[in-house]
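Listed here are the chains, written in short residue letters.
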Amino acid sequence: MSKMPPASAPTRKASSKVAAARAVVDLERYAPAFFTWIANKLSGGASTAYLSVFNVGIETWRLLVLLAIEKSLTAQAISRTIGMDKASVSRAFKSMQTRGLITIGLDDADGRLRVATITPKGRALHDEILELAMERERAFLSVLNDKERETLIGLLRRLHDNLPAVEKATHDYLSRHYPKAKLRRARGGEA
């Protein structure tokens, strides 16, 4: 069983002491914790990289991904699909419209609904970021192969432990393809 860094999760010994006092979640076997840790760290790294090179935050990237697939979507449809709150979607839409990445019009079927449609500029930006996104996915999954039959917890732990390799691959990719880029911290939005 691989050990997780102290900052990522408490050790079994620490968990056992607390568990003796009262019932708690065993973070070394709690799958939602791994999903959360992996999602947060992947999102943070992507946001830093996308902001540093493309001036696009993770929310805008997620919307570009959906709009590249569907071409046009309402804020409600996006909220249902990815769980992003409608207010965040609306703010991102406004910013994207200002940058010329999308147009916003009324839904033909329901004139009360606003529909975002990706523009050629938005599609071009999506396509440029996609290469880095796919490199990040490749690096993330590089520890897995088709023959692995470990338990879900074992797979989640290995993927979690591989996140530094994703960040290294991101840094290496940016260094090769965008050597003049200055990495900056993600601030939850776009600069």
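Conventions we followed
- Residues numbered from 1 in each chain as written.
- Predicted model: local features only at pLDDT ≥ 70, side-chain atom pairs only at ≥ 80, totals over all residues.
- Heavy atoms only, no water.
- Pairing = 2+ DSSP bridges.
- Helix = DSSP H or I, 4+ residues; strand = E, 2+ residues; numbered from the N terminus.
- Axes fitted to C-alpha atoms, helices over the stretch in contact; angles between N-to-C directions.
- Contact = heavy atoms within 4.5 Å.
- Core = buried A, V, L, I, M, F, W, Y, C linked by side-chain atoms within 4.5 Å.
- Buried < 20%, exposed > 50% of the residue type's maximum accessible area, 1.4 Å probe, protein only.
- Phe/Tyr/Trp six-rings, centres within 6.5 Å; stacked < 30°, edge-to-face > 60°.
- Parallel < 35°, antiparallel > 145°, perpendicular 65-115°, else oblique.
- Salt bridge = Lys/Arg side-chain N within 4 Å of Asp/Glu carboxyl O.

A. Main features of the sheet that holds strand β2 (residues 102-106). Here three strands make up an open sheet; going across it, the order is β1-β3-β2 and the pairing antiparallel. In this open sheet, the two edge strands, each paired with only one partner strand, are β1 (72-74) and β2. Each neighbouring strand pair of the sheet contributes to a mean axis angle of 30°, computed without reference to strand direction. Strand direction decides the pairing type here: β1 and strand β3 (residues 114-118), joined by three bridges, are antiparallel. Bridging from a neighbouring strand, Ser72 pairs with Thr117 of β3. Strands β1 and β3 of the sheet are contacted by helix α4 (residues 75-82), whose axis makes an angle of about 85° with β1.

B. Molecular detail of the nonpolar core. Ranked by internal contacts, the top residues of the largest apolar core, which has 31 residues, are Tyr50, Trp61, Leu63 and Phe93. Those elements that provide at least two residues to this core are α2 (31-54), α3 (58-70), α4, α5 (86-98), β3, α6 (120-141) and α8 (163-177). In terms of residue count, α3 provides more of this core than any other element does, seven residues in total. Not counting residues up to four positions away in its chain, the partners in contact with Trp61 are Tyr50, Val56, His126, Ile129, Leu130 and Ala133. In this structure, Ile38, Ala139, Leu163 and Val166 belong to the second largest nonpolar core, which totals six residues.

C. Local environment of the packing of aromatic side chains. If you walk through the whole model with that rule in mind, you get two aromatic pairs. With a centroid separation of 5.5 Å and an interplanar angle of 65°, the aromatic rings of Tyr50 and Trp61 are classed as edge-to-face. Of this pair, Tyr50 sits in helix α2 while Trp61 sits in helix α3, placing them eleven residues apart in sequence. Ring centres 5.7 Å apart and planes at 80° place the aromatic pair Phe54 and Tyr178 in the edge-to-face group.

D. Main features of the environment of Val65. Locating Val65 in the fold gives a position in helix α3. Take Val65: its relative accessible area is 26%, and that puts it in the partly exposed class.

E. Seen up close, unusual backbone geometry. Of note, Asn55 is a non-glycine position whose phi angle comes to about 55°, a positive value. In this structure, Asn55 sits in the loop between α2 and α3. Phi is positive for Lys71, which is not a glycine, with a value near 75°. Summarising the element assignment, Lys71 is placed in the loop between α3 and β1. Using a relative accessible area of 44% as the deciding quantity, one classes Lys71 as partly exposed.

F. Spotlight on the packing of α3 against α4. One way to put it is that α3 packs onto α4 with a least axis distance of 11 Å and a crossing angle of 105°. The angle between α3 and α4 falls in the class roughly perpendicular. Residues Arg62, Leu63 and Leu66 of α3 pack against Ile78, Thr81 and Ile82 of α4.

G. Broad picture of the pattern of salt bridges. Considering all chains together, one arrives at four salt bridges under this definition. Linking Glu135 and Arg138 is a salt bridge whose minimum nitrogen-to-oxygen distance equals 3.0 Å. In this pair, Glu135 and Arg138 both sit in helix α6, three residues apart, roughly one turn of the helix. Residue Glu167 is joined to Arg136 by a salt bridge in which the shortest nitrogen-to-oxygen separation is 3.4 Å. On the criterion of sequence distance, the pair formed by Glu167 in helix α8 and Arg136 in helix α6 is long-range, its members being 31 residues apart. For Arg136, a relative accessible area of 5% translates into the label buried.

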